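Close look at the chain arrangement
Each chain, letter by letter, is given below.
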Amino acid sequence: MVIVDDTGIIRLVNAQTEALFGYRREELLGHPVELLVPGRFRTHHTTHRDGYAHNQQVRPMGAGLDLYGLRKDGTEFPVEISLSPLETADGLLVSAAVRDVSERKAAEERFRGLLEAAPDAMVIVDDTGIIRLVNAQTEAL
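Residues numbered from 1 in each chain as written. Predicted model: local features only at pLDDT ≥ 70, side-chain atom pairs only at ≥ 80, totals over all residues. Heavy atoms only, no water.

Moving on, we come to the overall build of the protein. A tally of helices and strands in the protein yields five helices and eight strands. The linear arrangement of helices and strands in the protein, starting from the amino end, is β-β-α-α-α-β-β-β-β-α-β-β-α. Over its C-alpha trace the protein gives a radius of gyration of 19 Å, far above what one expects of a compact globule, namely 14 Å for 141 residues. Along the longest, intermediate and shortest principal axes, the C-alpha atoms of the protein span 60 × 35 × 25 Å. (Helix = DSSP H or I, 4+ residues; strand = E, 2+ residues; numbered from the N terminus. Rg over C-alpha atoms; globule rule 2.2 N^0.38 Å.)

Right, here's the structure in full:
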């Protein structure tokens, strides 16, 4: 959990945040949340963060996008983030629940590799019958 104020300054983190990102609590508190965002996303993140302050709602961050966190050692890792606004006497705070999804992404890649290696055309549909994934053999057929 990372809690930031309406200007993006980190106000509170839990022990899991310290472990996940490799920072000590005192290295995070009082700094911009963009410290935890890879450089190539920082400008857009600031814009999105400012927009969230005007359209507050509980929601996943970056729905449909691949999001990444940045560790103190400079390594990036895929994340899912859920945002929740918190109205306080001191103003708006935003709680961000950050989850490392590295293992799930690796499993998805292994699955895609197996799908592409299949000798037959493979079509995967969701519960409404919408095609979500096909392999190269399907395209060729």
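The next subject is the environment of Asp 66. Among the secondary structure elements, Asp 66 is positioned in the loop between strand E3 (59-60) and strand E4 (67-70). Remark: the alpha-carbon pair of Asp 66 and Val 79, spanning 13 residues in sequence, is separated by 7.8 Å. Of the polar contacts made by the side chain of Asp 66, one reaches the side chain of Lys 105; its length is 3.1 Å. (Polar contact = N/O pair within 3.5 Å; in protein donor to acceptor, adjacent residues only side chain to side chain.)

Mapping Arg 49 onto the fold places it in helix H3 (residues 42-54). Relative accessible area serves as the criterion here: at 17%, Arg 49 is assigned to the buried category. Polar side-chain contacts of Arg 49 include one of 3.0 Å to the side chain of Glu 34. Look past the residues within four positions of Arg 49 in its chain and what remains in contact with it is Asp 6, Thr 7, Gly 8, Val 33 and Glu 34. (Buried < 20%, exposed > 50% of the residue type's maximum accessible area, 1.4 Å probe, protein only. Contact = heavy atoms within 4.5 Å.)

With that settled, consider the pattern of salt bridges. A complete count under the given rule lists 12 salt bridges for this structure. The residue Lys 105 makes a salt bridge to Asp 66 at a minimum N-O spacing of 3.1 Å. Of the two residues, Lys 105 sits in helix H4 (residues 102-117) while Asp 66 sits in the loop between E3 and E4, which places them 39 residues apart along the sequence. Residue Arg 104 pairs with Glu 80 through a salt bridge whose shortest N-O separation is 2.5 Å. Of this pair, Arg 104 sits in helix H4 while Glu 80 sits in strand E5 (residues 76-88), and the two are 24 residues apart along the sequence. Residues joined by salt bridges that share partners form a network here, namely Arg 24, Glu 26, Glu 27 and Lys 72. (Salt bridge = Lys/Arg side-chain N within 4 Å of Asp/Glu carboxyl O.)

Here we take up the packing of aromatic side chains. Within this structure, the stated rule accounts for two aromatic pairs. Relative to Tyr 68, the ring of Phe 41 lies with its centre 6.3 Å away and its plane at 5°, an arrangement referred to as stacked. Residue Phe 41 is found in the loop between helix H2 (25-28) and H3, and its partner Tyr 68 is found in strand E4; the two are separated by 27 residues along the sequence. Residue class for Phe 41 comes out partly exposed when judged on its relative accessible area of 29%. Directly above the aromatic system of Tyr 68 lies the positively charged group of Arg 40, at a separation of 5.7 Å from the ring centroid. (Phe/Tyr/Trp six-rings, centres within 6.5 Å; stacked < 30°, edge-to-face > 60°. Lys NZ or Arg CZ within 6 Å of the ring centre and 35° of its normal.)

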